[in-house]
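Residue-level structure breakdown
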Amino acid sequence: MDVSTIVKTTVTALGFELVDFERGGGMLKVYIDKSTGITVEDCAAVSNQLTRVFMVENIDFERLEVSSPGLDRPLKTIADFEKFIGVRVKVRLNQAVDNRKRFDGEVVAVDGDKITFDLADDLAVAPGGKVKVNKKVASKAKIDAKALAKNAEEAVAEKKITVALSDIDRARLIPDI
């Protein structure tokens with residue numbers, strides 16, 4: 001059995017979700033989660049159990065770190081995207097789609113292996129309905145930011161993008177602080 005399978009089996013048997021696992025240079029990093037959040041005690045319990053399992057399985061490592069995935073949790077599977085429908089994420093694609101390789105957007109739908117996002121990085125509505133235009137983006141797109149901001153309905157027209165999970169290089173939650 002390989003190390004990643006051992007880690008996943010152990011973590012799920014303890015009632016946690018394995019969010020991510022990294023291995024390199026003698027270091028093992030394990031990121032866990034559960035619906036009620038992760039405590040220090042949870043991390044200690046998983047660390048202790050993994051240490052015992054690694055001893056039995058004769059897996060060599062210098063250091064083991066177990067932690068929560070953090071506020072900017074990575075999204076790696078379709079189940080992750082389904083779980084976070086309605087939440088804003090930062091996405092980097094393997095190849096450009098609609099002339100974009102990076103974008104911020106809200107996960108709005110998951111259909112099979114396709115994920116649809118509402119793009120949120122070009123325009124935003126401030127409190128009171130005043131439209132804010134990202135001038136850098138507007139300049140690149142050759143849009144007159146002032147003229148665009150005058151017409152709020154036009155300015156906040158939703159732009160959606162749909163990509164396959166395999167086209168996503170990296171996706172992370174955007175903390176709502």
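Throughout what follows, the structure given in this document is the object of discussion. Computed from a predicted structure; not experimentally measured. (Residues numbered from 1 in each chain as written. Predicted model: local features only at pLDDT ≥ 70, side-chain atom pairs only at ≥ 80, totals over all residues. Heavy atoms only, no water.)

For the rest of this paragraph, the subject is the nonpolar core. Core analysis: the biggest nonpolar cluster contains 18 residues, and Phe-81, Val-91, Ile-115, Phe-117 and Ile-168 have the highest contact counts within it. Elements represented by at least two residues in this core include exactly helix 3 (78–83), strand 4 (88–97), strand 5 (100–111), strand 6 (114–119), strand 9 (160–164) and strand 10 (168–173). Every residue in contact with Phe-117, bar those within four places of it in the chain, is listed here: Phe-81, Val-89, Val-91, Phe-103, Glu-106, Val-107, Val-108, Lys-159, Lys-160, Ile-161, Val-163 and Ile-168. Among the nonpolar cores identified, the runner-up in size contains 17 residues, and Ile-6, Phe-16, Ile-32 and Cys-43 belong to it. (Core = buried A, V, L, I, M, F, W, Y, C linked by side-chain atoms within 4.5 Å. Buried < 20%, exposed > 50% of the residue type's maximum accessible area, 1.4 Å probe, protein only. Helix = DSSP H or I, 4+ residues; strand = E, 2+ residues; numbered from the N terminus. Contact = heavy atoms within 4.5 Å.)

To continue, consider helix 2 (residues 40–56). With 17 residues, helix 2 should reach 24 Å at 1.5 Å per residue; the first-to-last C-alpha distance of 25 Å fits that figure. Taken residue by residue, helix 2 has Asp-42, Cys-43, Val-46, Ser-47, Leu-50, Val-53 and Phe-54 as its buried positions. Buried residues of helix 2, viewed axially, fall in a sector of 135°; they line one side. Structural note: helix 2 exposes Val-40, Glu-41, Met-55 and Val-56 on the side pointing more than 90 degrees away from its buried face. Next to the buried residues of helix 2 lie helix 1 (3–13), strand 2 (27–33) and strand 3 (63–67). In the segment just after helix 2, Asn-58 is the residue with positive phi, at about 60°. (Expected span 1.5 Å × (residues − 1). Arc of directions from axis to C-beta.)

Before going further, it helps to spend a moment on the pattern of salt bridges. Enumeration according to the criterion identifies ten salt bridges in this entry. Lys-160 is the salt-bridge partner of Asp-118, the closest N and O atoms lying 3.2 Å from each other. Here the residue Asp-118 occupies a position in strand 6, and Lys-160 occupies one in strand 9, the gap between them amounting to 42 residues. One salt-bridge network, in which partners are shared between bridges, spans Glu-17, Asp-33, Arg-73, Asp-80 and Lys-83. (Salt bridge = Lys/Arg side-chain N within 4 Å of Asp/Glu carboxyl O.)

What follows covers a positive patch on the surface. A surface patch of like charges, here positive, comprises Lys-101, Arg-102, Arg-170 and Arg-172. The topology assignment puts Arg-170 in strand 10. (Patch = residues over 30% accessible without salt bridge, like charges linked within 9 Å, V, L, I, M, F, W, Y side chains within 5 Å. Areas by Shrake-Rupley, 256 points an atom, 1.4 Å probe, with all protein chains shown as cover. Lys, Arg positive; Asp, Glu negative; His and termini not counted. Charge placed at Lys NZ, Arg CZ, Asp CG, Glu CD.)

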